[in-house]
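Understanding the architecture of this molecule
Spelled out from the first residue to the last, the chains are:
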Amino acid sequence: LVPFEAADEMGSSRLAVLRIVGSDEEHRSLYESVFGEFPENALFTGLPQHAGPLGDAETRAAWQRIKPSAAQKINAAYANVGKAIAAYERTLPAPDSRFDRYVSAVLVGDDSADKILDSDELAGLELFLDAERTHCLRCHNGPWFTNGGFHNIGTGRFSGPELDFGRVFGLRSVVMDEFNCLGAYSDARPEDCSELRFLNRNSHVPLEGAFKVPSLRNVANTAPYMHDGRFADLKSIIAFYRRPPEDKQQSGHELQPLEISDTEVRQLIAFLEALSIP
């Protein structure tokens with residue numbers, strides 16, 4: 001639900017989203033077939049186009065004028081929209097990349113495996129798997145090429161106009177979020193919310209500057225890179241890993257310089273591209 005109301009993403013509001021759903025006959029019918037009656041039209045009468053607890057001052061002020069009972073109905077319907085989107089996203093298949101086809105061929109002893117990836121891609125795969133030289137597997141492992149964790153690689157901003165502390169504030173946000181797993185609008189049982197219930201809130205854990213490890217699947221098609229889109233291409237990322245920030249003591253980042261040749265950079269990128277869907 002966050003992207004709807006984030007100023008640097010869609011810049012909308014929960015009330016505007018519900019207006020769209022409620023005013024479209026097909027959307028409204030589909031909503032009601034799953035969640036029951038859509039909020040009555042009277043709920044929107046006299047309200048501005050935008051209202052919500054996030055957004056610009058006018059949007060927030062409009063939200064403050066809404067009665068608590070009406071705000072609760074809006075939030076419940078807005079949460080339902082989020083549940084519908086999440087359910088749809090879970091149906092999206094992940095098409096096989098050439099790397100997947102290569103692995104499948106190797107596992108059944110198919111001699112055609114070596115024709116699926118070229119020599120650069122195979123050399124890049126070896127580099128990726130070389131725990132002593134590249135350390136890629138420390139974070140990018142498993143079927144989705146991510147450990148699902150949070151790591152500090154020196155991309156946080158601790159001074160200047162665009163402060164970005166990463167996990168340390170993200171953790172607080174998810175705990176306070178009214179739409180989280182334990183919130184009033186969740187369908188989950190408390191015992192289903194283990195990630196939230198047992199969240200490590202220890203202030204001594206290095207959370208500042210830590211960001212979630214993304215999947216490498218389809219990585220060639222998901223530029224720009226890093227949490228703030230600072231790198232335009234894969235070559236720029238690897239250049240960053242080869243020469244990570246020098247202020248390691250100040251930022252607390254985990255990176256060791258990636259000591260590979262220019263040829264090996266090309267090979268590693270070739271492998272990453274083989275993880276992507278044309």
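Keep in mind that this is a model prediction, so the values were computed, not measured. (Residues numbered from 1 in each chain as written. Predicted model: local features only at pLDDT ≥ 70, side-chain atom pairs only at ≥ 80, totals over all residues. Heavy atoms only, no water.)

This part covers the state of the cysteines. Tallying each qualifying case throughout the model produces 1 disulfide. Between the sulfur atoms of C181 and its disulfide partner C193 the distance amounts to 2.0 Å. Residues C181 and C193 are joined by a disulfide whose S-S torsion is about -75°; by sign, that bridge is left-handed. Here C193 lies in the loop between helix 8 (167-176) and helix 9 (194-197) and C181 lies in the loop between helix 8 and helix 9, a separation of 12 residues in the sequence. Look at C181 and you get partly exposed, because its relative accessible area is 28%. What makes C193 buried here is its relative accessible area of 1%. Sulfur of C139: no disulfide; nearest cysteine sulfur belongs to C136 and is 9.2 Å away. (Disulfide = S-S within 2.5 Å. Helix = DSSP H or I, 4+ residues; strand = E, 2+ residues; numbered from the N terminus. Buried < 20%, exposed > 50% of the residue type's maximum accessible area, 1.4 Å probe, protein only.)

Counting across every chain of the model gives 13 aromatic pairs. Pairing F99 with F145 gives two aromatic rings, centres 5.7 Å apart and planes at 70°, and the pair type is edge-to-face. Within this pair, whereas F99 is found in helix 6 (residues 98-107), its partner F145 is found in the loop between helix 7 (119-129) and strand 1 (150-152), the two being separated by 46 residues in sequence. Residue class for F99 comes out buried when judged on its relative accessible area of 12%. (Phe/Tyr/Trp six-rings, centres within 6.5 Å; stacked < 30°, edge-to-face > 60°.)

Residues spaced three or four apart along an α-helix face the same direction, because each turn holds 3.6 residues. Helix length check: helix 5 (residues 68-89), at 22 residues, gives a terminal C-alpha distance of 31 Å against a target of 32 Å (1.5 Å per residue), a fit within 8%. Inspection of helix 5 places A70, A71, I74, N75, A77, Y78, A79, N80, V81 and G82 among the buried residues, and these make up the whole buried set. Next to the buried residues of helix 5 lie helix 1 (2-5), helix 2 (14-23), helix 3 (25-35) and helix 4 (57-64). (Expected span 1.5 Å × (residues − 1). Contact = heavy atoms within 4.5 Å.)

Now for the packing of helix 10 (residues 234-242) against helix 12 (residues 262-274). Packing of helix 10 against helix 12 brings their axes to within 10 Å, and their N-to-C directions diverge by 130°. Relative to helix 12, the element helix 10 is oriented oblique. Considering the relative orientation of helix 10 and helix 12, their crossing is right-handed. Along its contact with helix 10, which presents L234, K235, I238 and R242, the element helix 12 presents D262, V265, L268, I269, L272 and E273. When the residues that make up the contact of helix 10 with helix 12 are grouped by side-chain class, the tally is 6 nonpolar, no polar and 4 charged. (Axes fitted to C-alpha atoms, helices over the stretch in contact; angles between N-to-C directions. Parallel < 35°, antiparallel > 145°, perpendicular 65-115°, else oblique. Left-handed = near helix turned anticlockwise from the far one by under 90°. Nonpolar A, V, L, I, M, F, W, Y, C, P; charged D, E, K, R; others polar.)

Glancing now at the environment of N218. Of note, N218 is situated in the loop between strand 2 (210-212) and helix 10. For the pair formed by N218 and E89, sequence separation is 129 residues and the distance between their alpha carbons is 16 Å. In contact with N218, other than residues within four places in its own chain, are L275, S276 and I277.

Once that is clear, we can look at the pattern of salt bridges. Counted according to the given criterion, the structure contains 14 salt bridges. In this structure, the salt-bridge partner of R133 is E264, at a minimum N-O distance of 2.8 Å. Of this pair, R133 sits in the loop between helix 7 and strand 1 while E264 is found in helix 12, placing the two residues 131 residues apart along the sequence. Look at R133 and you get partly exposed, because its relative accessible area is 32%. For R230, the salt bridge is made with D228, and the minimal N-O distance between the two is 2.7 Å. A relative accessible area of 29% means that R230 is categorised as partly exposed. Linked through salt bridges whose partners overlap, the residues forming this network are E5, R14 and E178. (Salt bridge = Lys/Arg side-chain N within 4 Å of Asp/Glu carboxyl O.)

In this section: helix 7. Taken as a whole, helix 7 has its buried residues at E121, G124, L125, L127 and F128. Buried residues in helix 7, looked at end-on, bunch into an arc of 160°, giving them a common side. Of the residues in helix 7, the exposed ones pointing more than 90 degrees away from the buried face are S119 and E126. Lining the buried residues of helix 7 we find helix 6 and helix 12. Taking the backbone nitrogen of D120 as reference, a side-chain oxygen 3.1 Å away marks D118 as the first, capping residue of helix 7. (Arc of directions from axis to C-beta. Polar contact = N/O pair within 3.5 Å; in protein donor to acceptor, adjacent residues only side chain to side chain.)

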